[in-house]
Amino acid sequence: MFKKLDPLKPYVYKYRVQFFWGGLVLLLNNLIWIFFPQVIGRAINDLNQGITQHKIVTYSLALIAIALGKGVFQFLMRWILIGTEDQPAADDVCFPAAAGRQHPGAVLRSADS
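1. Points about the confidence of the model for the protein
Chain-level pLDDT for the protein is 81 on average; 76% of the residues reach the 70-or-more range. At the low end of the mean pLDDT range in the protein sits helix α4 (residues 104-112), at 51; at the high end sits helix α2 (residues 16-49), at 92.

Here is the structure:
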């Protein structure tokens, strides 16, 4: 089964650093999102004891911080992984038949100008 993936080895090896950072950011993105329901659960339990303005502000800021953190990690994840995905199109590592050809995205970008 893994023999079929042999043509991808040069690509994976060449971009291993980007894949590492993309995978790490992916894990952090999912890890930070785990805290969202936990904060909501604690807020519900704590607010059942009594509602104060301090509690509402604290839990609201915690949820906003988690959402902002997820947004940052999701942006980084997409920037790293999608950027890594586009790089081999210009290389001759995976697409030797396309070496020397113009990238299709370049044609679209030049048409917009």
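And the narrative resumes.
2. A closer look at the packing of aromatic side chains
Considering all chains together, one arrives at three aromatic pairs under this definition. A ring pair is formed by Phe20 and Trp21, whose centres lie 5.2 Å apart and whose planes are at 70°; its orientation type is edge-to-face. Their ring planes at 15° and their centres at 6.2 Å tell us that Phe75 and Trp79 sit as a pair that is stacked. On the criterion of helical spacing, the pair formed by Phe75 and Trp79 is a turn pair, its members being four residues apart in helix α3 (residues 53-86). A single burial state applies to Phe75 and to Trp79, both of which are exposed. Taking the ring centre of Tyr13 as reference, the NZ or CZ of Arg16 above it sits at 4.1 Å. Residue placement shows Lys70 over the ring face of Trp33; its charged tip is 5.1 Å from the ring centre.

3. What about the pattern of salt bridges?
The tally for this structure, following the rule as stated, stands at two salt bridges. Here Asp46 and Lys55 are joined by a salt bridge, their closest N and O atoms 3.3 Å apart. The exposure class of Asp46 is partly exposed, given its relative accessible area of 24%.

4. Some words on the side chain of Lys70
Assignment of secondary structure puts Lys70 in helix α3. Apart from the residues within four sequence positions on either side, Lys70 is in contact with Asn29, Ile32 and Trp33.

5. Overview of the nonpolar core
One recurring pattern in soluble globular proteins: nonpolar side chains tend to sit buried together. Core analysis: the biggest nonpolar cluster contains five residues, these being Ile32, Val39, Ala43, Tyr59 and Ile66. Mapped by element, the contributors of at least two residues to this core are α2 and α3. It is α2 that contributes the most residues to this core, three residues altogether. Filtering out sequence-adjacent residues up to four positions away, Ile32 remains in contact with Ile66, Gly69, Lys70 and Phe73.

What counts, and where the lines are drawn
All chains use their own residue numbering, which begins from 1 and follows the written sequence. Since the coordinates come from a predicted model, pLDDT governs what is reported: local features require at least 70, and pairs of side-chain atoms require 80 or more to be given and counted, while whole-chain, interface and lining totals use all residues. Hydrogens are left out, water is left out, and the side-chain values use all remaining heavy atoms of the structure. Confidence scores here are pLDDT values: one per residue, from the predictor, ranging 0 to 100. Helix numbers and strand numbers start at the N terminus; a helix is a DSSP run of H or I with at least 4 residues, a strand a run of E with at least 2. Any two rings among Phe, Tyr and Trp, with Trp reduced to its six-membered ring, count as a pair given centres within 6.5 Å; such a pair is stacked if its planes are under 30 degrees apart, edge-to-face if over 60, and tilted if neither. Relative accessibility decides the category of a residue: with a 1.4 Å probe and only protein chains considered, values under 20% of the type maximum give buried, values over 50% give exposed, and everything between is partly exposed. Two conditions define a charge located above a ring, namely a distance within 6 Å from the ring centre to NZ of Lys or CZ of Arg, and an angle within 35 degrees of the ring normal. The term salt bridge refers to a side-chain nitrogen of Lys or Arg lying within 4 Å of a carboxyl oxygen of Asp or Glu. Only heavy atoms enter the contact rule, under which two residues are in contact if any of them lie within 4.5 Å. Here the nonpolar core consists of buried residues drawn from Ala, Val, Leu, Ile, Met, Phe, Trp, Tyr and Cys, with membership extended through side-chain atoms lying within 4.5 Å.

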